[in-house]
Amino acid sequence: MALTTAPEPTRPDPGPVRHSEGLAGYVFLSPWLIGLMGVTAIPMLLSLYLSFTNYDILTPWSEVQWVGLANYERMFTADPSYWHSVRVTLTFALIAVPLKLAAALGVALLLNRAWRGVGLFRGLFYLPSLLGGSVALAIVWVNMFNRDGAFNSLLSLFGIQGKPWVNDPDWALETLMVLAIWQFGAPMVIFLAGLKQVPTELYEAASVDGAGRFRKFRNVTLPMLSPVIFFNLVLETINGFQGFTAAFVLSNGTGGPVDSTLMYTLNLYITGFTDLEMGYASAMAWVFLLAIAVITAIFFSTGRFWVHYSDGEDR
Amino acid sequence: MHPATPPTTDAPVGRTHRTPLPRRRLLRGLLVATVAAPLMFGAAACGDDGGAADPNAPVKLSIFWWGGDARAKLTEDALALYTKKHPNVTFEKTWQANQGYFDKLATLTAGGNPPDLFQIDDNYLAEYAARNTTLDLTSYQKSGKLDTSKFPESLWQYGVVDGKLAGLASGENTQGLVYNKTLLTKHNLPEPTTGMTWEQHIAWAEQVTAKSKVPGTQDPSADYKAFWVWLRQQGKDLYQGKDLGFTAEDVTKWFELWKGARDRKATPTADVIHEGNSSDITKQLVVTGKSATSWVWANQMPDLKKNTKDELGVIAYPGDPSAQWARASMYWSVFRGSKHKDVAVDVINFLNNDQEAVKLLGTDRGLPSNQDLRRVVSDDTTDPAMKQSIAVEAELTQKFGKSPQVPIKGHSKVRSELIKAAENAQYGRATPAEAAAQFIEACKSAIA
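Please read these numbers as outputs of a predicted model, since none were measured by experiment.

*Asks:* Honestly, the overall build of chain B in this entry has me stumped. Any pointers?
*Replies:* Across its full length, chain B carries 20 helices and 12 strands. Looking at chain B residue by residue over its 448 residues, the buried ones come to 48%. In chain B, of all internal contacts separated by at least 6 residues, the share reaching a separation of at least 24 is 74%.

This is the structure:
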């Protein structure tokens, strides 16, 4: 009797339909899912396992030996070049990231005006960051900052005797910093977008209250922009820590001269692929991941003291 | 009443408590598929093994080497000749510059996809042999499938690691000091000669700097092969069994020798020395014009010559030339897991012992290992740079000392640590003694 009741037959059977919709969803998702699993998640878990072994790339997996925490112990107690690479990376990030953000914000403020041709300048300033971590750019950089490079020719016009910047252990890292700072286009564009969001009423109100340019910047622009600054800071810090390409190209993959450009990731690469200590390199990678996570967490926990969201929803 | 209303109101509820099951099942399925797929492909690949029995079955052999365009051309010609004689064998050829070659080889090996046949040198042979990546060629040598009867005994033995023949020398070379003849002639300076002492060499270089304004000699203190020759002249060696063959005092003396040379302006400044410390042929100071000499391998002469218009000369390193030896410039090794081991070994045999192939290859990988064919090649060669390197090696062959053992596992790290320590001294950031102590410390952990 229940089967013959009027509403039942007309009602589309929800079960199979939903099931096949769900399946279709997963099918469409699968390229990404397989990519995530195959290229990111599974290799990451494997590297966690490898970090507790003496895996050396050439030895088959079946003969890999479990060494417990030995790799981590070595990193923290017996490897001076590891700590050296930590110092190099921190120096790089501490100097390059703030300067890059300052440059990005400064130029964004200049370009946030209705000048004729401002669009062209926005494009031009953004251009370097499109080239990103490209090898070609790093090669150009090396040639520009060589002893007989373009930069020294420029200096000589002013009667200044240049240095072999990229080949001088006191200056090689600084050369890399300049390269990183020069690529301020991406955060600049984000700053520009943020600046456009600041309501003009606030500036008008501030003007009425007699605020000068600096007061307006200090008390209107900066607080209103703080979520964008926060976003850029987190992103650029992570980027700064991961700097690899330029250091690799500049030093021919050695971190030289005299380890002055031995960034954390470069040291990791050399350890894994040149010295064939992939187990140890995996341990380095995990400590690196945790360190970045901790730094990001610190940013987020201090953020509430200086990041102002204009409405509650954005939190 | 409306037939469409019930399902739409019903649907969200149904979806929320119905989907978890299939989703979980699906996720699990996907996970299994992701993990299983490579395994299945792997298994399928292993299945090919049985087919190797038929000698005329088509074989595609992958082969990987480092080098420049010239080497690529010669090698491709020689391999084409092999295919001509064995139409069933074709090659999948990959080559690249030396920089990054070993990173790539290691990665290919780790991915379970190493080439059947690959070029390797003594810097890495022990690393690969100790991990059983290379096929032991001893049985092929014994059965005569790999003919080493015309090889100098010491040359093929320089491919033996832990009692296994891990690679077959694809050529012989030795250390060569290359100098810029044109520059010396222009400034009326004497050419250096084999047998000069290190002090005489430095004094000569000082004179070159003073007269020509081009630094007389590259500072080789970061160069392991120069350090090695010097050590052997002091009765020491780079390695002794599984240990270092030298002490901190030896290193200090070596670094002090070159600090003296730098102080006397016999060498370029530290940043230029650093450029020359690259293993890249095109960056050697003798071809970039930043120094009158470079410390290289004798078989690199023709390649160096391609990068400069100046006339070059080549002699042995300073000091007693008997500290030099007949070094396998590089080897051919077969991957132990290769599906076509026999064919791969046959190709190696062909590249070393077939007259036509050896004539094609010339001295690009060093003097031919087969001594009969070496004579044929040296009689035939027309390339003047090649002639020079043959001449100096032929002369040195009379004086060569006993070969050292093949460098041990950890050697590549020892090399990069030497560069680091030497540059520390060159840039004046450490005294020779401090740099030496740093080097010894790093070596100990590298070979541990």
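Text resumes after the structure shown.
*Asks:* I'm lost on the sheet that holds strand β12 (residues 327-334) of chain B in this one. Help?
*Replies:* Think of a sheet as strands paired side by side through backbone hydrogen bonds, with each pair either parallel or antiparallel. Residue and element names in this part refer to chain B. Read from one edge to the other, the open sheet built from five strands follows the order β2-β1-β3-β12-β6, with strand pairing classed as mixed. Both edges of this open sheet fall to β2 (89-96) and β6 (168-173), since each of them pairs with a single strand only. For this sheet, the mean inter-axis angle between neighbouring strands, taken without regard to orientation, is 20°. Strand direction decides the pairing type here: strand β1 (residues 59-66) and strand β3 (residues 117-120), joined by two bridges, are parallel.

*Asks:* Just checking my understanding: could you explain the confidence of the model for chain B for this structure?
*Replies:* Residues and elements named next belong to chain B. Mean pLDDT for chain B: 87, with 88% of residues reaching 70 or above. For residues 1-24, every residue scores under 50 in pLDDT, and the model assigns this stretch 18 contacts once sequence neighbours within four places are set aside. Reported confidences for the modelled complex are a pTM of 0.82 and an ipTM of 0.80.

*Asks:* Looking at this model, I keep getting lost on the domain arrangement of chain B. Mind explaining?
*Replies:* Many descriptions give the size of an interface as the accessible area lost when the pieces come together. All names here are of chain B. Examined at the domain level, chain B breaks down into domain 1 (59-170 + 328-394) and domain 2 (175-324 + 410-447). When each unit is reduced to the centre of its C-alpha atoms, the spacing between domain 1 and domain 2 is 28 Å. Of the residues lining the interface, 18 residues belong to domain 1; the matching set on domain 2 comes to 15 residues. For the side of domain 1 that touches domain 2, the secondary-structure elements that each account for two or more residues are α5 (125-130) and α18 (384-397). Sorting elements by how many residues they give to the side of domain 1 that touches domain 2 places α18 first, with six residues. Classifying every residue of the side of domain 1 that touches domain 2 by side-chain character gives five nonpolar, nine polar and four charged.

*Asks:* How should I be thinking about the nonpolar core in this particular structure?
*Replies:* Considering soluble globular proteins, one finds that nonpolar side chains tend to be buried as a cluster. Ranked by size, the top nonpolar core spans 176 residues in total, and within it Leu-176 of chain A together with Leu-125, Val-178 and Leu-418 of chain B carry the most contacts. If near-sequence neighbours (up to four positions away) are discounted, Leu-125 of chain B is found in contact with Ile-120, Gly-159, Val-161, Ala-166, Gly-167, Tyr-331 and Val-406 of chain B.

*Asks:* I'm lost on the environment of Phe-241 of chain A in this one. Help?
*Replies:* Residues and elements named next belong to chain A. Locating Phe-241 in the fold gives a position in helix α11 (residues 213-241). Looking at Phe-241, the number of C-beta atoms within 10 Å reads 19, which means it is partly exposed. A C-alpha to C-alpha distance of 15 Å links Phe-241 and Val-178, two positions 63 residues apart in sequence. Excluding residues within four positions of it along the chain, Phe-241 makes contact with Thr-89, Ala-93, Tyr-264 and Ile-292.

*Asks:* What is the right way to look at the pairing of β12 of chain B in this model?
*Replies:* Side chains on a regular strand alternate between the two faces of the sheet. All names here are of chain B. In terms of burial, β12 is largely enclosed, as eight of its eight residues are buried. In this structure, β3 lies alongside β12, joined through four bridges in antiparallel fashion. The residue of β12 that forms the bridge with Gln-119 is Trp-332. Here β6 runs beside β12; their pairing, made up of five bridges, is antiparallel. Bridge pairing in β12 places Gly-171 opposite Met-330.

*Asks:* Is there a simple way to explain the sheet that holds strand β7 (residues 175-180) of chain B in this structure?
*Replies:* All names here are of chain B. Taking strand neighbours across the sheet as the criterion, the three strands line up as β10-β7-β11 in an open arrangement whose pairing is antiparallel. The sheet terminates laterally at β10 (293-297) and β11 (312-315), the two strands that pair on one side only. The sheet shows a mean angle of 30° between the axes of neighbouring strands, direction not considered. Pairing of β7 with β11 involves four bridges; the strand directions are antiparallel.

*Asks:* Any chance you could explain the confidence of the model for chain A here in plain terms?
*Replies:* Low-pLDDT portions of the prediction should not be read for the details of their coordinates. Residue and element names in this part refer to chain A. This prediction gives chain A a mean pLDDT of 87; 91% of its residues lie at or above 70. Averaged pLDDT values over the elements of chain A bottom out at 51 in helix α1 (residues 7-10) and peak at 95 in helix α4 (residues 80-111). Per-residue pLDDT stays below 50 along residues 1-7; that stretch engages in three contacts with residues further than four places along the chain or on separate chains.

*Asks:* What is the right way to read the domain arrangement of chain A from this model?
*Replies:* Residue and element names in this part refer to chain A. We note that the domain assignment places domain 1 (14-63) and domain 2 (72-314) within chain A. Relative to domain 2, the C-alpha centre of domain 1 lies at a distance of 32 Å. Contact residues are listed per partner, giving 10 residues for domain 1 and eight residues for domain 2. Split by residue class, the side of domain 1 that touches domain 2 holds five nonpolar, four polar and one charged.

*Asks:* How do you make sense of unusual backbone geometry when you look at a structure like this?
*Replies:* For residues besides glycine, phi is generally negative; the peptide bonds are generally trans as well. Residue and element names in this part refer to chain A. Here the phi dihedral of Asn-252 falls at roughly 60°; this positive angle occurs in a residue that is not glycine. Topologically, Asn-252 is positioned in the loop between α12 (245-250) and α13 (264-274). The partly exposed category is assigned to Asn-252, around which 18 C-beta atoms lie within 10 Å. Unlike most non-glycine residues, Leu-276 shows phi in positive territory, near 60°. Relative to the elements of secondary structure, Leu-276 occurs in the loop between α13 and α14 (278-306). The exposure class assigned to Leu-276 is buried, which follows from the 28 C-beta atoms found within 10 Å.

*Asks:* Can you walk me through the environment of Thr-75 of chain B in this structure?
*Replies:* Residue and element names in this part refer to chain B. Along the chain, Thr-75 falls in helix α3 (residues 69-85). For Thr-75, a count of 23 C-beta atoms within 10 Å gives the class buried. For the pair Thr-75 and Trp-65, spaced 10 residues apart in the sequence, the C-alpha separation amounts to 9.3 Å.

*Asks:* Before we go on, may I ask you to explain the packing of α4 of chain A against helix α9 (residues 185-197) of chain A in this structure?
*Replies:* Working note: a packed helix pair is described by the angle between its axes plus the distance between those axes. Residues and elements named next belong to chain A. Contact pair α4 / α9: the axes reach a minimum separation of 8 Å and the direction vectors enclose 45°. With respect to α9, the axis of α4 lies oblique. α9 is crossed by α4, and the crossing has right-handed handedness. Facing α4, whose interface residues are Lys-100, Leu-101, Ala-104, Leu-105, Val-107, Ala-108 and Leu-111, α9 presents Pro-187, Met-188, Phe-191, Leu-192 and Leu-195. Of the residues in the contact of α4 with α9, the class split is 11 nonpolar, no polar and one charged.

*Asks:* Teacher, can you tell me more about the environment of Thr-363 of chain B here?
*Replies:* Residues and elements named next belong to chain B. Topologically, Thr-363 is positioned in the loop between α16 (355-361) and α17 (371-380). For Thr-363, a count of 27 C-beta atoms within 10 Å corresponds to the buried category. Between the C-alpha atom of Thr-363 and that of Tyr-82, which follows or precedes it by 281 residues, the distance is 19 Å. Discounting chain neighbours no more than four positions away, the residues touching Thr-363 are Asn-299, Val-377, Thr-381, Met-386, Ser-389 and Ile-390.

What counts, and at which threshold
Residues numbered from 1 in each chain as written. Chains lettered and ligands numbered in written order. Predicted model: local features only at pLDDT ≥ 70, side-chain atom pairs only at ≥ 80, totals over all residues. Helix = DSSP H or I, 4+ residues; strand = E, 2+ residues; numbered from the N terminus. Buried ≥ 20, exposed ≤ 12 C-beta atoms within 10 Å, placed from the backbone. Contact = placed C-beta atoms within 7 Å. Pairing = 2+ DSSP bridges. Axes fitted to C-alpha atoms, helices over the stretch in contact; angles between N-to-C directions. pLDDT = per-residue confidence, 0-100. Domains from an automatic or database assignment. Nonpolar A, V, L, I, M, F, W, Y, C, P; charged D, E, K, R; others polar. Core = buried A, V, L, I, M, F, W, Y, C linked by C-beta atoms within 7 Å. Parallel < 35°, antiparallel > 145°, perpendicular 65-115°, else oblique. Left-handed = near helix turned anticlockwise from the far one by under 90°.

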